[in-house]
Amino acid sequence: MSTSTLDEFAKSKLAALERRKLRRHLATTRRKSSARVDYNDHELISFACNDYLGLAKHPATIAAAVEATERDGVGAGASRLISGNYPLYKTLESKLARLKGTEDAVIFGSGYLANIGTIPVFAGSADLILVDEFSHSCILSGASISRATVKSFRHNDVDSASKILNSQRAKFRRCLIITEGVFSMDGDLAPLPALAELAEHHDAWLMTDDAHGLGVVGGGRGSSFAHDAVVDVPLQMGTLSKAVGAYGGYICATHAVAELIRNRARSFVFSTGLPPATIAAATESIDIIATNQELTARPLTHARRFTHAVDLPEASSAIVPIVVGDVDKSLDASASLAEAGYLVPAIRPPTVPTGTARLRIAFSAVHSDDDVSGLASALESAGLNR
Ligand SMILES: *Cc1c(COP(=O)(O)O)cnc(C)c1O
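Everything numeric here is computed off the predicted structure, so don't read it as measured data.

How each quantity is defined
- Residues numbered from 1 in each chain as written.
- Predicted model: local features only at pLDDT ≥ 70, side-chain atom pairs only at ≥ 80, totals over all residues.
- Heavy atoms only, no water.
- Pairing = 2+ DSSP bridges.
- Helix = DSSP H or I, 4+ residues; strand = E, 2+ residues; numbered from the N terminus.
- Contact = heavy atoms within 4.5 Å.
- Axes fitted to C-alpha atoms, helices over the stretch in contact; angles between N-to-C directions.
- Near = heavy atom within 4 Å.
- Polar contact = N/O pair within 3.5 Å; in protein donor to acceptor, adjacent residues only side chain to side chain.
- Areas by Shrake-Rupley, 256 points an atom, 1.4 Å probe, with all protein chains shown as cover.
- Nonpolar A, V, L, I, M, F, W, Y, C, P; charged D, E, K, R; others polar.
- Buried < 20%, exposed > 50% of the residue type's maximum accessible area, 1.4 Å probe, protein only.
- Arc of directions from axis to C-beta.
- Parallel < 35°, antiparallel > 145°, perpendicular 65-115°, else oblique.
- Left-handed = near helix turned anticlockwise from the far one by under 90°.
- Phe/Tyr/Trp six-rings, centres within 6.5 Å; stacked < 30°, edge-to-face > 60°.
- Lys NZ or Arg CZ within 6 Å of the ring centre and 35° of its normal.
- Core = buried A, V, L, I, M, F, W, Y, C linked by side-chain atoms within 4.5 Å.
- Disulfide = S-S within 2.5 Å.
- Salt bridge = Lys/Arg side-chain N within 4 Å of Asp/Glu carboxyl O.

## Some details on the sheet that holds strand β14 (residues 357-362)
An order of β11-β14-β13 is seen for the three strands of this open sheet, with the pairing classed as antiparallel. Edge positions in the open sheet fall to β11 (319-325) and β13 (346-347), since each of these has one partner strand only. Pairing geometry for β11 and β14, over six bridges, is antiparallel. Bridged to Gly325 within β14 is Ala357. Across the sheet, helix α13 (residues 327-339) lies against β11, β13 and β14, angled at about 35° from β14, the strand it touches most.

## A look at the site of the ligand
The immediate surroundings of the ligand are formed by 15 residues, with Gly111, Asp209, His212, Thr239 and Lys242 found nearest. A distance of 2.7 Å is found between an oxygen atom of the ligand and a side-chain nitrogen or oxygen belonging to Thr239. A total of 380 Å² of accessible area belongs to the ligand in isolation, and the protein chains cover 88% of it. Contributing elements (two or more residues each) for the shell around the ligand: α5 (111-122) and β9 (235-239). Grouping the constituent residues of the shell around the ligand by class yields four nonpolar, eight polar and three charged.

## Quick look at helix α9 (residues 255-264)
Here α9 has its buried residues at Ala258, Ile261 and Arg262. The arc enclosing the buried residues of α9, seen along the axis, measures out at 100°, which places them on a common side. Residues Ala256, Asn263 and Arg264 are exposed on α9 and point more than 90 degrees away from its buried face.

## Here we look at the packing of helix α7 (residues 158-168) against helix α8 (residues 192-201)
Any two packed helices are characterised by how steeply their axes cross, that is the angle between the axes, and by the distance between the axes. Where α7 contacts α8, the axes come no closer than 10 Å and their chain directions differ by 10°. With respect to α8, the element α7 is oriented roughly parallel. Counted together, Val158, Ala161, Ser162 and Leu165 of α7 and Ala194, Leu195 and Leu198 of α8 form the full contact between these two elements. Its residues placed into classes, the contact of α7 with α8 shows six nonpolar, one polar and no charged.

## What about the packing of helix α12 (residues 293-309) against helix α14 (residues 369-381)?
Interaxial distance between α12 and α14 falls to 10 Å at its minimum, and their mutual angle equals 30°. By the criterion of interaxial angle, the relationship of α12 to α14 is roughly parallel. Where α12 crosses over α14, the handedness of that crossing is right-handed. Mapping the contact onto sequence places His302, Arg305, Phe306 and Ala309 in α12 and Asp369, Val372, Ser373, Leu375, Ala376, Leu379 and Glu380 in α14. Residue composition of the contact of α12 with α14, grouped by class: six nonpolar, two polar and three charged.

## As for the sheet that holds strand β6 (residues 149-153)
If you walk across this open sheet you meet the seven strands as β4-β10-β9-β8-β7-β5-β6, and the pairing is mixed. Every interior strand has two partners, whereas the edge strands, β4 (104-108) and β6, have only one. With direction set aside, neighbouring strand axes in the sheet form an average angle of 20°. Sheet topology places β9 next to strand β10 (residues 249-253); four bridges connect them, and they run antiparallel. Along β10, the bridge assignment pairs Thr239 with Gly249.

## Here's the deal with the packing of aromatic side chains
In this description, an aromatic ring pair is defined by two values, namely the gap between the centres and the angle between the planes. With the rule as written, the count across this model stands at six aromatic pairs. Seen in terms of ring centroids, Tyr86 and Tyr89 are 4.9 Å apart; in terms of plane orientation they differ by 40°. Their pairing is tilted. Like Tyr86, the residue Tyr89 is buried in the burial classification. Taking 6.4 Å as the distance between ring centres and 85° as the angle between the ring planes, the aromatic pair formed by Phe122 and Trp205 counts as edge-to-face. In this pair, Phe122 is assigned in helix α5 and Trp205 in strand β8 (residues 205-209), connecting sequence segments 83 residues apart. The rings of Phe47, Phe306, Tyr342 and Phe363 are connected pair by pair, giving a single aromatic cluster. A cation over an aromatic ring shows up here: Arg80 above the ring of Tyr89, its NZ or CZ 3.7 Å from the ring centre.

## A look at the nonpolar core
Leu96, Ile107, Leu240 and Ile279 are the most contacted members of the largest nonpolar core, which totals 36 residues. Those elements giving two or more residues to this core turn out to be α2 (59-72), α4 (88-100), β4, β10 and α11 (276-291). Counting residues in each nonpolar core, the second largest holds 24 residues, with Val106, Ala114, Phe122 and Val269 among its members.

## Observations concerning the pairing of strand β3 (residues 42-46)
In this sheet, β3 lies alongside strand β2 (residues 36-39) in antiparallel orientation, the contact comprising four bridges. When the sheet's bridge partners are listed, Val37 is paired in β3 with Leu44. Connecting the antiparallel pair β2 and β3 is a turn made up of two residues, with Asn40 showing a positive phi of about 45°. In this sheet, strand β12 (residues 342-343) lies alongside β3 in parallel orientation, the contact comprising two bridges.

## As for the state of the cysteines
If you walk through the whole model with that rule in mind, you get zero disulfides. In this structure Cys49 is a free cysteine whose sulfur lies 18 Å from that of Cys138, the closest cysteine sulfur available. On the basis of relative accessibility, which here comes to 12%, the residue Cys49 falls in the buried class. The structure places no disulfide on Cys138, whose sulfur is separated from the nearest cysteine sulfur, that of Cys252, by 16 Å.

## Here we look at the pattern of salt bridges
If you walk through the whole model with that rule in mind, you get 24 salt bridges. The salt bridge partner of Glu43 is Arg36, with a shortest N-O separation of 3.9 Å. Residue classification places Glu43 among the partly exposed residues on the basis of a relative accessible area of 47%. One salt bridge connects Asp369 with Arg305, and the closest N-O pair in it is separated by 3.9 Å. Of this pair, Asp369 sits in helix α14 while Arg305 sits in helix α12, and the two are 64 residues apart along the sequence. Each of Lys32, Arg36, Asp38, Glu43 and Asp371 takes part in salt bridges that share partners, so that together they form one network.

Encoded structure:
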């Protein structure tokens, strides 16, 4: 009885998604490289992958993962505070902190877990969290778990944030301002120097989610390094699953802040450590990012060549959106590019605001110049360039 009512519930919810063209399906995707995939058994040139540097398939990261697996096994066996903190963790945390110019770094099981664990450590029910309206779902989840009052400011609009702080800040104890350093669905950079100044003025702490910044902007060191002067951001979150090519999340901060997170973030304390292969591969990637400027420059170079070719505003990261508005239109556009041999996903609500469905193009260091000019031509043939 309960099985059938639960099943009915799921079916009616799925039918509602179907009617609004928001039902999504898993396609079997075999990645041959960050630029070539077999997608439902068709080979496509992929612009749908966040492996911006091709490190997920780099011989050095694969070798490090194999070696770590053979030496340390396939699983951590426990949470890091119990017995899962094998030696590779310390090396990765110190190398990551060095790259980001912070005293310390804390590795989490994923970027999602880093955000939902960290935000409640620093904000509670007496506090205010101000988020950019385009912030990733896991930032909003973390804010909601914290039980702080959450207000959003208009995307990248420092005046909008300032107005909220002027009228609200005094009512709350502590205040966090959270933004993405590089926006995942828009590819633009947050105005970090102005937000840091605003935070300072209102006695608030600035936190950035740099999932799409590390390895790509600021010489590979991320969004704090992508402005005229290095921006002092006390809480810098990011992921090891995008340009780093592996898996896991991190927070870079001072030593005391990192230690408090290791003690209090529930998704850190109560979740098993990552597999040794993952940490070994990520460490290899961080070494590559720290030393190979030619590699880290390439995704942005490709993105800029593309935006010049199709007459879009100049790219500021590896991500270029083409907003088409309507959900149907975005699906048709994605399908016609697939016909032409390119995998470019349509991004629909709720990932992006209603009325802003789009194609999201992600450039990788392993794309060739021909891949990039081929996509530009395919867009023009499909009448999709604006
Ligand atoms: C991907 C992403 C995350 C989540 O990171 P995972 O390591 O994939 O869990 C968080 N924030 C942003 C902006 C992202 O794009």
